[in-house]
Every structure is written in structure tokens, then in C-alpha cells.
Amino acid sequence: MAVWQWIRCFSGPHLQRIHRTPDQTRPDGRSSRRGFNYQPRGLEKHTDSILGWASTVWSLSYYSSPLLLCYLYRKGYICSSKLVPVSQYLGTILICLLGVACLRGWGRWKNPEYLQFISVLEETKRNHSAENKKKLRGFTFDFPHWPLDFSWREVTSSKLSKTGVSLLKPEPKLRGTADSILYSVRTLPCHIIGYLVAHTFGRRMLYPGSVGLLHKAMKPMLTQGQAKLIEEYDGQRNKLVACDGNEIDTMFVDRRRDGGRNGKTLVICCEGNAGFYEVGCMNTPLDAGYSVLGWNHPGFADSTGVPFPQNEANAMDVVIQFAVHKLGFQLNDIIIYAWSIGGFTATWAVMSYPEIQSLVLDASFDDLLPLALKVMPESWRPLVQYTVRQYMNLNNAEQLLKYQGPVLLIRRSRDEIITTGGPEDIMSNRGNDLLLKLLQFRYPKIMTDEGIRVVKQWLGASNPLEEASVYSGYEVDDGWCESVLQSYQTDRDVLFPWSVGEDMTQEGRRQLALFLARKYMRNFESTHCTPLPASEFHSPWRL
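What counts, and where the lines are drawn
- Per chain, residues are indexed from 1 in the order of the written sequence.
- Selection of residues for local features in this predicted model requires a pLDDT of at least 70, selection of side-chain atom pairs for listing and counting requires 80 or more, and totals for whole chains, interfaces and linings are taken over all residues.
- Hydrogens and water are ignored here; the side-chain numbers use all heavy atoms of the structure.
- UniProt positions are given in the numbering used here, feature names are shortened, and annotations may be inferred rather than shown by experiment.
- Note on ring pairs: Phe, Tyr and Trp rings are taken, using the six-membered ring of Trp, and paired if centres are within 6.5 Å. Classes follow the plane angle, with under 30 degrees stacked, over 60 edge-to-face and the rest tilted.
- Numbering of helices and strands starts at the N terminus; helices are DSSP runs of H or I of at least 4 residues and strands are runs of E of at least 2.
- Throughout this description, buried means an accessible area under 20% of the type-specific maximum (1.4 Å probe, protein chains only), exposed means over 50%, and partly exposed covers the range between.
- Any Lys NZ or Arg CZ found within 6 Å of a ring centre and within 35 degrees of that ring's normal is scored as a charge over the ring.
- Angular values range over 0 to 180 degrees, each being the angle between N-to-C directions of two axes fitted as lines to C-alpha atoms, with helices fitted over their stretch in contact.
- Two helices that cross are described as forming a left-handed crossing if the nearer one is turned anticlockwise from the farther one by less than a right angle, and a right-handed crossing if clockwise.
- Here, two residues are considered to be in contact whenever any of their heavy atoms come within 4.5 Å of each other.
- Only Asp, Glu, Lys and Arg are considered charged in this grouping, and only Ala, Val, Leu, Ile, Met, Phe, Trp, Tyr, Cys and Pro are considered nonpolar; every other residue, Gly among them, is considered polar.
- For two strands to be treated as a pair, DSSP must find no fewer than two bridges joining them.
- Only residues whose relative accessible area exceeds 30% and that form no salt bridge are eligible for patches; like-charged ones are grouped when within 9 Å, while nonpolar side chains (Val, Leu, Ile, Met, Phe, Trp, Tyr) are grouped when within 5 Å.
- With residues, only the protein chains shown are counted as cover, and all accessible areas are computed by Shrake-Rupley using a 1.4 Å probe.
- By definition here, a salt bridge exists when the distance from a side-chain nitrogen of Lys or Arg to a carboxyl oxygen of Asp or Glu is within 4 Å.
- Space inside and on the surface of the protein is sampled on a 1 Å grid over the protein atoms alone, with a cavity defined as a set of points where a 1.4 Å probe fits but cannot get out and a pocket as an open set with protein on both sides within 12 Å along at least 5 of 7 lines; lining residues have an atom within 4 Å of a point.
- Grid points are joined across faces, edges and corners, and a volume is the space filled by probe spheres set on the points.
- Start and end positions for the domains come from either an automated domain assignment or a database one.

In the annotation of an unreviewed UniProt entry, the entry for the protein chain reads Abhydrolase domain containing 16A, phospholipase, and the organism field reads Oryzias melastigma. UniProt annotates the protein chain under Sequence similarities (unreviewed entry) with the comment "Belongs to the AB hydrolase superfamily. ABHD16 family."

Structure (C-alpha cells):
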């Protein structure tokens, strides 16, 4: 029995935090508290430190391996006479590390807090009951050991293909057979380089949150943020498995029992390219009283995989399925809220599940390509275009146009990330292009050249006073505009695009264009990374 307990401690996960309810006290007799970081004893603490340093050295060696191998080759170390003693040294180090791991298992075995945790974990794996899962949620530990809570296999989906859910693909250029073969041969080097760029530094530049070293650096902050969600908001952590096999780390806060109106609505949050649910945009709808479901991109923090568009959409799909089939929300009770690059998975979600109540996009863009071209040399333009379209095609606007429901866009007036000019050039903010494309698709008869001109004039306002000046300058009558749109909707009840404004004066179309622009977009005076206050989080406008 004792040997079996030691083996479980040896192979068990790293315990990070113990979450206590207010009536529970620590075993050492300290005063009651909601939670505390697990404190390993001397032997476990020192052996953990040694293994942690070994893991860091391995990570640094992995990322620097190309340069390291080149250096060793130039120095003549890559030969049989040199490799034999090196392999012996490495073998000795591995044996020593194994011994350190055994000592760590001994230290854990002597700690009653760890023994209690490992017993709860083993019992939950044997019997995945609600009572056992509730006990297990009292601990934060390494996510790979967390039992599975929901899998895509539990529901059937018509959206799955061989690679996963369906994505919009760029239209291929039509060529003759001979031209096509010749073109493929000529562009083969570009295709190879594009693949290498996308799968090496390109993906890491686009999604820095997937870099392991960043995760290690942010680990204390993420643990603290997760503890806050669990202990202050009674958050429930769950592991989901997407159709590509990636494990998605999620956090759910249920407000349905609080009695508030917003608590019956679920807000699913989609984070930015360096955002995590532990410290990301979940707090905004939480402070507004909504039920909230946050999740981490594939490869971010404890979620597995890599964040390519296909994997992102697969993850979003299983999150929605989990919200409907496990948490019990209807699609028309779900709001999708996204910040920055999270707009891709958000627009995919509303395109694929059109019954979703509404969509809120904060500091998002229409298309990745213009932003990628901004940071790359002009001479790389063909390579950048191919790489983005083939491997990183974040076509937010194209997906958004497939959705018929209410939409709210939030533009940061001093955004420095999604502008192609600079933070002072507000007209280069790609959120403007997202708004214009949406309005032109939904209201083509209103968004003529004159309609586009007045909306751009409104978008060019640098502060709320200028916005109000432009709006009042055209004497926009909100009541008249809303009555025109309501009358059109009542008489026809058709899907977008609408033909409203077809038989209207130019002055009327200008008023409607400005009215719609202000309803679909709100300005927030801040930079890109400033957290959105709950007071700025609103349900999108609907007739």
C-alpha cells in the first residue's frame, strides 16, 4: 500500500493551489481563508526547483538548437569520437534527474495535503461523479492530469470535415491546365518558404501567447487570475477535447441563480493573441453580471496544440457545443464577445451558428493581410500574401457578412496595434474597414458613394465632440431613421442585404448612413490593450 502511494506521488501532477471554502481551515491551524498556494516541504521544494531548472534549460536548448547545432558543427564536435562521451554525460544527467524525481515523490508522500489531493484525483478518475468532480475543483494542478469533462464525440456535428469544421477558403485563381502546371513549378519555392515561415516564427509572431517561455514567465500571474475566478466568482474549470484532439482549458462562471437579468445570458469570450482567460477580457462581462465562459487558444497556457485557423475554429466549435449540451444554454441566449485577434473565432462562431443572439467585437479588424504587410518589407509582399492566405487567413469581415444577427463594434481611438499608419492616424484603424464592409453589405442602397463619404467623415472624428459635431451637422433625426428601418423590416421581413433607401433622397440616405454607423460602432477613448470597463459593454442594437 505504501509503495503504491509513493508511485502515485512520484508520477502525480504538480499541485499549485488549494481552494478552500470559508468554513475550512488549513491543516496547520491558521485562520480561515478561501484559498492558498500549496507549500511543498523541504525535500519536495528543492527537488522541484532542480527539475524546474532542468525544464527551463531544455526549453532554451530547444529554441536555440539550430544555432547550437551550427556552432557545434563548426567546432567539429559532431563526430563519433565526440558524441560518445557526450551521450554518456547526458545519460548520467538523466539518471540523476530520475533520482531527483524519486526524491520528490518521497517528499510528496510525506505531505498530508498532497496525499489528500492525489487520493481525490485517483477517485475522480475511477468515478467521474459530480460529487468527486466538486472535490477535485478544490485543487489547481497540472492540466494534462485533469479528467476529461466534454468531448466533441458526445454530439454529432454536420460541420466536420476531414480536418475539422468548415472554413471559408480564398477563391483559387482560374488557369488553364498547362498554365497551372507551369505556375505551380514557378511558385514552388515561394510555397516552401511560406510553409516554413508560417510554422516557425510566423505563427509565434502572430500568436505570442503560444510561446512556452512566455507562459513560464506569466505562470504566477495566470495562477493568481485563475484563483480569483475560482474563489471569488465560484468559477468551474473544465477540459474539452476538440475534433483535432487538442485539449481546451475553459473557465465557466454561472450567474443564473443570482436572479439578475443578465445572468441568464452566457457571454463566450475570445481572447487576443497574447491573452488568457485568467487575466483577459472575461472580467468585463463578469462585472456586468453575465454568466461567462472563457477559454484559451490552442497552445496557450494549458490548452494543447497550435493556434492555426483550423485549430482555432475546431476549439471554438467544441466550446459552443459544451455551452449548449453540457451547460444547458440555448444558442439564442449566447453572446460572443471577442477582443482583437479573437474576432476570427468569434465571426466563425456566428457564421456557423447563426442562431447566436449577438456579437460584440472589441478592437478587432477586417482582414489580417493589410496588418501583416505593414510590418514586413515591401519586397516580401508576394510571400506575405501567399503565407497569410494559405496558412493564416483571418478573414473576419468575410465571415461576419454571413451573419444576420445584431453586431456591435468597439473601436479604440488610440489603437496602436490594428492601424496601418499609427495610433494618431485614426482613419488607418482596420476597425473602420470592418464597419464599412458590414454596412455596405447589409444596406447597399444607403451606402452609396455619398453614404460612404459621410460615414468616413464621422469615423475621422478624433474625439466625442467632433463626432457629435459631424452627426448634428447633417441634422440626423434618430426617430425618423428608426421608423424608416422598422417600417421596412415589418413590410418585408427579409434577410440582409436590404434595399431600404432605394427610392430616397440623398439627404435621407446620409442620415440613415450616419444613424447606422453610430448604432453599429462605439468609440472607446483608449489604446489597444486597455481592459474594457463593464460600463462600455453593451448588447448590440436591434430594431
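Peer 1: Could you give an account of the packing of aromatic side chains, with specific residues and numbers?
Peer 2: Here the structure, examined in full by the defined rule, presents 22 aromatic pairs. Judged by centre distance (6.2 Å) and plane angle (50°), the rings of Tyr38 and Tyr114 are tilted. Highlighted residues: Tyr38 in the loop between strand E2 (35–37) and helix H2 (42–63) and Tyr114 in helix H5 (residues 112–126), separated in sequence by 76 residues. For Tyr38, a relative accessible area of 6% translates into the label buried. Given a relative accessible area of 0%, Tyr114 falls into the buried group. Joined through ring pairs, the aromatic side chains of Tyr443, Tyr488, Phe496, Trp498, Phe515, Tyr520 and Trp541 make up one cluster. We note Lys239 situated over the ring of Phe143; from NZ or CZ to the ring centre the distance is 5.2 Å.

Peer 1: Now, about the packing of helix H1 (residues 2–11) against helix H4 (residues 80–109): what can you tell me, with residues and values included?
Peer 2: Across the interface, H1 lies against H4 with an axial gap of 8 Å and an inter-helix angle of 115°. In this structure, H1 crosses over H4, and the sense of that crossing is right-handed. Along its contact with H1, which presents Ala2, Gln5, Trp6, Cys9 and Phe10, the element H4 presents Leu98, Ala101, Cys102, Gly105, Trp106, Arg108 and Trp109. Looking at side-chain class alone, the contact of H1 with H4 contains nine nonpolar, two polar and one charged residues.

Peer 1: Explain the environment of Lys75 to me, using residue names and the numbers behind them.
Peer 2: Its location among the elements puts Lys75 in the loop between helix H3 (65–74) and H4. Along the chain, Lys75 and Ser364 lie 289 residues apart, while their C-alpha atoms are 49 Å from each other.

Peer 1: With reference to specific residues and values, describe the pairing of strand E5 (residues 236–241).
Peer 2: Where burial is concerned, most of E5 is hidden: five out of the six residues are buried. When E5 meets strand E6 (residues 247–253), the two strands line up antiparallel, connected through six bridges. Bridge pairing links Leu240 to Ile248 in E6. Counted along the chain from E5 to the antiparallel partner E6, the turn is five residues long, and its residue Gly245 has a positive phi close to 90°.

Peer 1: Please provide a residue-by-residue account of a nonpolar patch on the surface, values included.
Peer 2: A cluster of nonpolar side chains, Leu69, Tyr73, Ile78 and Leu83, forms an exposed patch at the surface whose accessible area comes to about 440 Å². Tracing the sequence through the fold places Leu69 in helix H3.

Peer 1: Could you give an account of unusual backbone geometry, with specific residues and numbers?
Peer 2: For the peptide bond that leads from Phe496 to Pro497, omega is 5°, which places it in the cis range. Note on placement: Pro497 falls in the loop between helix H19 (478–492) and helix H20 (506–520). Unusually for a residue other than glycine, Ala301 sits at a positive phi of about 55°. Inspection of the secondary structure assignment puts Ala301 in the loop between strand E8 (291–295) and helix H11 (309–325).

Peer 1: Run through the sheet that holds strand E1 (residues 15–19), naming residues and quoting values.
Peer 2: Pairing within the open sheet is antiparallel, and its three strands lie in the order E2-E1-E3. Every interior strand has two partners, whereas the edge strands, E2 and strand E3 (139–141), have only one. The sheet shows a mean angle of 15° between the axes of neighbouring strands, direction not considered. Set on the sheet, H5 makes contact with E1, E2 and E3; between it and E3 the angle comes to about 85°. Together, E1, E2 and E3 form the strand contacts of helix H9 (residues 212–233), whose direction differs from that of E1 by roughly 25°.

Peer 1: I'd like to hear about the layout of surface pockets, residue by residue, with values.
Peer 2: Roughly 1100 Å³ of internal volume is contained in the second largest pocket. In terms of lining residues, the second largest pocket is bounded by 33 residues, among which Lys133, Lys134, Arg137, Asp234 and Gln236 are the most central. Only E1, H5, helix H6 (130–136), H9 and E5 provide two or more residues apiece to the lining of the second largest pocket. If you tally residues by element for the lining of the second largest pocket, the top one is H6, at five residues. Residue composition of the lining of the second largest pocket, grouped by class: nine nonpolar, ten polar and 14 charged. Counting the residues that make up the lining of the second largest pocket, at least three belong to each of domain 1 (1–20 + 36–150) and domain 2 (210–372 + 392–403).

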